[in-house]
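# Breakdown of the fold
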Amino acid sequence: MNWLLRWAGPRLAIAGNRVCLDRRRLFILPSGAGLAYAALLVVLLLFAMNYNNNMMFAFTFLLGGIGANAMWQTHRNLLGLCVSLLPPAELFADHPASLQVLINTDGRPRRALEFVWDLPRAAPDSVLASAIEDAPADLPLPRMRRGLQALPPLRITTRYPLGLFRAWSLLPYTTRLLVYPKPAAQTPPMPTAPTGSGEHRGHSEQEDDFDGLRPYRSSDPPRRIAWRASARSDELLSKSLHGRAAEHIWLDWQALAGHDSETRLSILCRWVLDADRHGLRYGLRLPQRSVEPAQGLAHRHACLRLLALHGGIE
Amino acid sequence: MKRRAPASSLTPDQRMIFALLLAAQAATVAPLLVELPLWVPGITLFLIGLRALFLWRNRPTPRSWVLVLLGIGAAAAVLAQFHSLNGRDAGVSMLLFAAALKSFEIRSRRDLIVVIYLAYLLAVAHFLFDQSIPWVLYALALIVFVTMLLTRLHAGPQPPGWRSLGYVGLLRILAAIPLTLLLFALFPRIEGPLWGRPAQSQNAVTGITNQLTPGSIARLATSQAVAFRATFTGAPPAHDARYWRVYVMDHFNGRRWVQSPSARPHPGNLQPTGQIRHYSLLMQASDRHAIPALDMPLQAPARARLEAGHVLRANNLIDGTREFALSAASHYVLDSTLAPGARRAALQLPPGVALQARALAERWRAADPAPQAIVNRALAYFHDHAFYYTLRPPPLHGDITDDFLFKVRRGFCEQYASAFAVLMRAAGIPTRIVAGYAGGEWNPVLHYLLVRQANAHAWVEVWLQGRGWVRIDPTSAVAASRVQRSAANSPGVATIGEGLHIGFVQHWFNTLSMSWDSVEYFWNLTIVAFGPQQQRAFLQRIGLQSGGIAQALYIAIGIAVLMLLGLGIDLLRRSAAPADAPTRLYRRHLRRLARSGLRPAPSEGALDFAERVAAQLPQEAEHARRIAALYTQARYAGGDTKRQTHRLRQLMQAVRETRKSD
């Protein structure tokens, strides 16, 4: 379908994430089944002519009329449909994710709409949806690399009602998605010693910092494991520490010497997620840029964004 | 060889569609039980039933090679039955088996589509056998149903319900009718077959044949099948002049009359002396060449010729409904002179047969040698002796002529004609047998004469010096009292039927069947017999040119007009987009509030508006909030159909309650 985009691409480019399908966006061609139907009609017509059979003539024309009208109906099944894309809040490289497609109809029910990413390789996931009312559908995203990534064009296809014609529209969204690095599965232990605040190191094990018990995570340093409590329980437990306002950790690129840069980004990403989940105050240091220690959703996004765009990927 | 496919490779919805498709297949095949040798549709129906059973019990279908073997077996059986694999009957039989066997090989939606296309093909192929109105309606219903299945197959998740599919299916047919009419009227019709139609000799339509044996016409006497209909410019012929000649036979072998193999191609020399009658003949398919012609046909119409015995023959098999423009002379002299060869042929009698009859004829000739006297004597003989006219004559043994004339004396028209001809020839009068139709019912609604197969009749022509061939109907000489009622179909005895008391019910029935026949006649005349000549005449009448290029141009213009119309209707429909059920109910609620002067602002949502209503009309607060909540839920919350229906019902109730409180 790329030839089509090359030809019609510029005028079809979509700014924003909502588009309504008007006539210039719609294409329609007979499907394989439609060509077979046409062949059936030709056979019937030849028989009608050979036998001078007027009812065969009439019904051949009737079936032809039904087929011709199906062309309009297939076209109308897409015409006037509005499609909005709602990207997921967070998107990690190589992780399965889906975005929501919101279909707005103008009151007419639309049926058997097939959504598929127009990728050069074999189509991955496609979603068949009907829009009786304005309704959302989940569309699995293709696996994406880290960085600011363009969406592949979205293809909407329908063969309703009779399958004789295939009407489709290509939606080349210009919106780009920010794809965070893939969180590493295995990481070295997260730095727990807040650099530059050595006086707190001793306190972190103090009983007064102890906040409770929680299941062990792979990133917990061994000295945080609550051995006595774990012995009484079936699973390994870690001491949960109450993060004090002044206490923070630095997630540092330099601390990961010996890994290649993508792996470092992966590990840092995992650390950011874990630190955020543990409610720690954390800062991020990359070779050129850094984020001062803080907490919260906005901070997490800022850190992940920095990781996603590292290395000049824009 | 393919892997054995599990029966469950279809989705539940596809399985249901498949089950209904099998029902549609059975409905398509069943009417062919009367058209094809019974075993063909019989086995097909059995296979369809078996497939339905497999589907119901979720059994795996047979392996592909089993199906291939079955297919080869079916082809061999068809070949053995029809001696051919093409031609109408063999072709349709192969199509039946293909459809039934294909239904055992359904693995995907694509296979279902193939079976649906085959169902279309079968429904239309039945027109090769029958183009009558009932079948047209039946085929329409089949096509609506099959199209419903095709739509459901492509409807994705949340397919429309069956009722809405049926409604849309009907609409689809209606929407296709303009294009159908356009193409039907304008698509150029051509004369003659494209690749030849094998003669349907095995299944020729019942009707009179070119041989006369005892019982050959009697077996038609109860057939209500229509042979042809005729409309006249001017008055129809009188009752006793309604003789339609089809075959003339001049060779007798003692038991059967046939056309002599040496029959001259020359039709005969006709001098019309009386009124010339023009009429139009609308024939049903007979799968023969013969065209019935009112005595005495003047000249052959286009694509037909006059043959020996002055009978009409079409150049092509009459395998469909055809219309011919004919003319006849009510009085005439046919063959004022008879060539010696022809005379010899018309006097031929096989040696050693009908000896008693010959002796009787000799006695008559000895008494008075004038041919006219001999004819009268013979007619009087039938009238005065105890001859009975009956539909079920006892079988004749030995020499059929003598057995009939002197012992049995009960017969149908063919016995009378045959015996009379033998007597005439024995007396030296050139004679021949004519088989055709006599009489006909006059349709007072559309003014045409309806002739059924039951009107088949046989009579005799004798050649008299100076008068040529003269028609004699010996059957009519039988005394009226000796005509048995069931056989009151020859013109000579038709007067008897009129004299009989006809019951009220019978009268009604006759009227009804006559008006139905009028409809059928009209149908056959205007639609079924629409051929090249009719198309030319039609185009001329509406002021258009005929010819391939002109008609192609008209078709193109017509399609363009239809497309513009379609666009217009589309625009109109979109400007008045129909609202969904919750919106309609909600609007009803809004209309009620509008009477209190409250209208939602364009940007105001249902919930906000309800709050404003609550503020301004406190007594409405509860209702307005409830309706707004139900409406937003019903419209936007989604969920399965059951929940949607429930919400809709609640909303309907709420809207009604406010009405009551008014």
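Residues numbered from 1 in each chain as written. Chains lettered and ligands numbered in written order. Predicted model: local features only at pLDDT ≥ 70, side-chain atom pairs only at ≥ 80, totals over all residues. Heavy atoms only, no water.

Another aspect to go through is the overall build of chain A. Along chain A, the regular secondary structure elements total six helices and 16 strands. Here chain A holds 314 residues, and 52% of them are scored as buried. Considering only contacts in chain A between residues 6 or more positions apart, those separated by 24 or more positions represent 66%. Carbon and sulfur atoms form 55% of the exposed surface of chain A, whose accessible area is close to 14,600 Å². (Helix = DSSP H or I, 4+ residues; strand = E, 2+ residues; numbered from the N terminus. Buried < 20%, exposed > 50% of the residue type's maximum accessible area, 1.4 Å probe, protein only. Contact = heavy atoms within 4.5 Å. Areas by Shrake-Rupley, 256 points an atom, 1.4 Å probe, with all protein chains shown as cover.)

What follows covers the UniProt feature "transmembrane region" (unreviewed entry) in chain A. Sequence positions flagged by UniProt for "transmembrane region" (unreviewed entry) are, in local numbering, residues 26–49 and 55–72 of chain A. Helix makes up 75% of residues 26–49 of chain A and strand 17%, whereas the separation of the span's terminal C-alpha atoms amounts to 37 Å. (UniProt positions renumbered as here; feature names shortened; annotations may be inferred.)

Next up on the list: the UniProt feature "transmembrane region" (unreviewed entry) in chain B. Residue and element names in this part refer to chain B. Under the local residue numbering, the UniProt record ascribes the feature "transmembrane region" (unreviewed entry) to residues 66–84, 112–129, 135–153, 165–187 and 552–572. Within residues 112–129, the helical portion is 78% and the strand portion 0%, while the C-alpha atoms at the span's ends are 27 Å from each other. The span residues 135–153 carries 100% helix and 0% strand; its end-to-end C-alpha distance comes to 27 Å.

Applying the stated criterion to the full structure yields 34 aromatic pairs over all chains. With a centroid separation of 5.7 Å and 25° between ring planes, the pair formed by F27 of chain A and W168 of chain A is classed as stacked. In this pair, F27 of chain A sits in strand β2 (residues 27–30) while W168 of chain A sits in strand β10 (residues 165–171), placing the two residues 141 residues apart along the sequence. Grouping residues by exposure puts F27 of chain A and W168 of chain A together as buried. For the ring pair F387 of chain B and F404 of chain B, a centre distance of 5.6 Å and an interplane angle of 50° mean the geometry is tilted. Note that F387 of chain B is positioned in the loop between α10 (371–384) and β14 (388–389) and F404 of chain B in helix α11 (residues 400–408), a separation of 17 residues in sequence. On the accessibility criterion, F404 of chain B (1% relative accessible area) is buried. Taken together, the ring pairs in this structure connect W364, Y381, F382, F387, Y389, F404, F412, Y416 and F420 of chain B into an aromatic cluster. A cation over a ring is seen here: R166 of chain A above W168 of chain A, with NZ or CZ 4.4 Å from the ring centre. The ring of F57 of chain A is capped by R189 of chain B, whose NZ or CZ atom sits 4.2 Å from the centre of that ring. (Phe/Tyr/Trp six-rings, centres within 6.5 Å; stacked < 30°, edge-to-face > 60°. Lys NZ or Arg CZ within 6 Å of the ring centre and 35° of its normal.)

As a further point, take the state of the cysteines. Residue and element names in this part refer to chain A. By the definition in use, this model includes one disulfide over all chains. The partner cysteine of C20 in its disulfide is C82, sulfur to sulfur 1.9 Å. Taking the torsion about the S-S bond as the criterion, the C20 to C82 disulfide, at about 100°, is right-handed. Here the residue C20 occupies a position in strand β1 (residues 18–20), and C82 occupies one in strand β3 (residues 82–86), the gap between them amounting to 62 residues. Looking at C20, the relative accessible area reads 35%, which means it is partly exposed. (Disulfide = S-S within 2.5 Å.)

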